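One-letter residues, chain by chain:
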Amino acid sequence: MSMFAKIGLPLSCTGFGLILGVCYERNKGYFNFLPSENNFLKANGRFKDDCIKERFLSDSLQSFIQFPTVYASTQLSKPRNRLQEILTFGVPTFDPLRPFEDHVVLYDRRNRVPHWVFEHIRKEHVEKNDSVTRQSSEFVEDPSIHPFFRATDSDYRGSGYDRGHMAAASNHRHSQKAMNDTFFFTNIAPQVGKGFNRDVWNDLEKYVRALARKHKNVYVCTGPLYLPRVEPDGKLYVKYEVIGKNNVSVPTHFFKVVVMETEKGEFAMNSFVIPNQPFPKNTPLKNFLVPLETIERAAGFLIFDGVPKQRLRIINGKNV
């Protein structure tokens with residue numbers, strides 16, 4: 001070990017201990033560093049000088065600023081870096097990743113619907129199970145989301161829209177809790193009822209379950225889109241309705257991307273975009289197949305980019 005390392009290590013440890021001591025004292029004996037929605041809820045309403053200690057940062061920012069409060073660094077003699085100075089009083093929290101028993105949601109707090117929902121389903125998840133029923137499930141607010149950003153049942157009541165599942169309830173028949181989890185409003189978006197949610201979207205969900213019965217693994221990513229359209233003036237606009245007192249956004253379209261893995265470890269992929277509007281019964285699902293890139297560009301994120309390309313054999317029904 002070099003001479004500088006021998007000197008620097010104890011100094012670093014001393015500084016770290018000092019910060020811990022300061023934070024411990026100012027938090028009345030509790031180390032409250034870690035970012036969590038519960039901490040945010042607890043801190044809400046106590047915006048006093050001493051509330052800074054309860055602010056938190058994202059993981060990426062934590063790598064630059066080791067603690068959610070910059071106050072602790074002011075207790076040390078060494079100068080703060082520029083990022084710490086800029087973020088002295090914290091940063092706004094970002095959209096939370098919400099893991100459930102059998103699906104994962106990235107929730108869009110501005111629009112009060114998911115950005116996306118991921119599922120991994122197998123045959124045992126979708127088989128009929130008499131001990132698990134939708135009648136035992138209820139739509140509920142997600143307590144992990146700050147009340148400012150939640151959708152509620154009253155937002156949908158009288159709106160003319162169904163409470164549309166992104167992760168389908170019947171994809172999770174192996175567990176009553178897993179099915180119940182799909183009824184949190186973090187998994188729900190406004191969908192046209194007749195002709196869409198109860199028809200073509202339901203057909204797509206059934207198709208996914210049929211794939212799960214035939215394949216070793218099925219991975220699903222589902223979410224809303226807000227796509228532009230040409231208005232009478234010839235210009236493109238993104239326009240969508242909002243419902244309820246919380247202004248829940250009504251997506252113009254929905255996407256669903258499905259990856260199937262065979263027993264041989266080979267993969268196939270189907271990607272769908274369906275406008276949020278009525279369609280005649282038995283409309284072929286193949287009418288809604290689109291290139292994956294179309295969805296990614298519109299959504300603003302990559303989907304299943306970790307699928308091994310050398311083992312991806314079929315895309316939208318065509319050999320590759």
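Residues numbered from 1 in each chain as written. Predicted model: local features only at pLDDT ≥ 70, side-chain atom pairs only at ≥ 80, totals over all residues. Heavy atoms only, no water.

Counting its secondary structure elements, the chain contains eleven helices and 14 strands. Of the contacts formed within the chain by residues at least 6 apart in sequence, a portion of 65% connects residues at least 24 apart. (Helix = DSSP H or I, 4+ residues; strand = E, 2+ residues; numbered from the N terminus. Contact = heavy atoms within 4.5 Å.)

To continue, consider the sheet that holds strand β1 (residues 97-99). The strand order β1-β2-β3-β6-β11-β12-β13-β14 describes an open sheet built from eight strands, whose pairing is mixed. Of all the strands in the sheet, just β1 and β14 (318-319) have a single pairing partner and so form its edges. Note that strand β12 (residues 267-275) and strand β13 (residues 312-315) share three bridges and pair parallel. Each bridged residue has a counterpart across the sheet, and for Ala268 the counterpart in β13 is Ile314. The strands touched by helix α10 (residues 200-214) within the sheet are β3 (113-121), β6 (217-225), β11 (253-261) and β12, with β11 carrying the most contacts at an inclination of about 10°. In the packing of helix α11 (residues 292-299) onto the sheet, the strands contacted are β6, β11 and β12, and the crossing angle to β12 comes to about 55°. (Pairing = 2+ DSSP bridges. Axes fitted to C-alpha atoms, helices over the stretch in contact; angles between N-to-C directions.)

This part takes up unusual backbone geometry. Positive phi values are uncommon outside glycine, yet Asn247 reaches one of about 55°. Here Asn247 is to be found in the loop between β9 (242-243) and β10 (248-249). If you check the backbone angles, Asn282 has positive phi at about 65° while not being a glycine. When you line up the elements, Asn282 lands in the loop between β12 and α11.

Turning next to the nonpolar core. Within the largest apolar cluster, 29 residues are counted, with the highest numbers of intra-cluster contacts made by Tyr156, Phe196, Val200 and Ile274. Contributions of two or more residues to this core are made by β2 (103-108), β3, β5 (188-192), α10 and β12. Leave out the neighbours within four places in its chain, and Tyr156 touches Ala151, Tyr161, Asp162, Arg163, Phe185, Ile188, Ala189, Pro190, Ile243 and Val248. In terms of nonpolar packing, the next biggest core, distinct from the first, is built from 16 residues, Trp116, Val257, Ile295 and Ile303 among them. (Core = buried A, V, L, I, M, F, W, Y, C linked by side-chain atoms within 4.5 Å. Buried < 20%, exposed > 50% of the residue type's maximum accessible area, 1.4 Å probe, protein only.)

Before going further, it helps to examine the packing of aromatic side chains. One pass over the full model with this rule turns up 14 aromatic pairs. Their ring planes at 90° and their centres at 4.8 Å tell us that Trp116 and Phe118 sit as a pair that is edge-to-face. Overall, Trp116 belongs to the buried group, its relative accessible area being 15%. Residue Phe118 is classed as partly exposed on the basis of its relative accessible area of 26%. (Phe/Tyr/Trp six-rings, centres within 6.5 Å; stacked < 30°, edge-to-face > 60°.)

Residue-level pLDDT values for the chain average 83, and 76% of them are 70 or greater. Confidence drops under pLDDT 50 across residues 3-58; counting only partners more than four residues distant or on other chains, this segment forms 72 contacts. Every residue in residues 63-76 is under pLDDT 50, and counting partners more than four places away or in other chains gives 38 contacts. (pLDDT = per-residue confidence, 0-100.)

Here we take up α10. The first and last C-alpha atoms of α10 sit 21 Å apart over 15 residues, in line with the 21 Å expected at 1.5 Å per residue. Along α10, the residues classified as buried are Val200, Trp201, Leu204, Glu205, Val208, Arg209, Leu211 and Ala212. (Expected span 1.5 Å × (residues − 1).)

With that out of the way, let us pick up the environment of Ile274. Mapping Ile274 onto the fold places it in strand β12. When neighbours within four sequence positions are excluded, Ile274 is seen to be in contact with Phe196, Val200, Trp201, Leu204, His253, Phe254, Phe279 and Phe288.

So, on to α11. For α11, the complete set of buried residues consists of Leu292, Ile295 and Glu296. Seen from one end, α11 has its buried residues packed into an arc of 100°, which puts them on one side. Its buried side turned inward, α11 meets β6, β11 and β12. Note on α11: the residue one or two positions beyond its end, Gly300, has a positive phi of about 90°. (Arc of directions from axis to C-beta.)

In this section: the environment of Gly317. Within the fold, Gly317 resides in the loop between β13 and β14. A relative accessible area of 63% places Gly317 in the exposed class. Sequence-wise, Gly317 and Met269 are 48 residues apart; in three dimensions their C-alpha atoms are separated by 8.0 Å.

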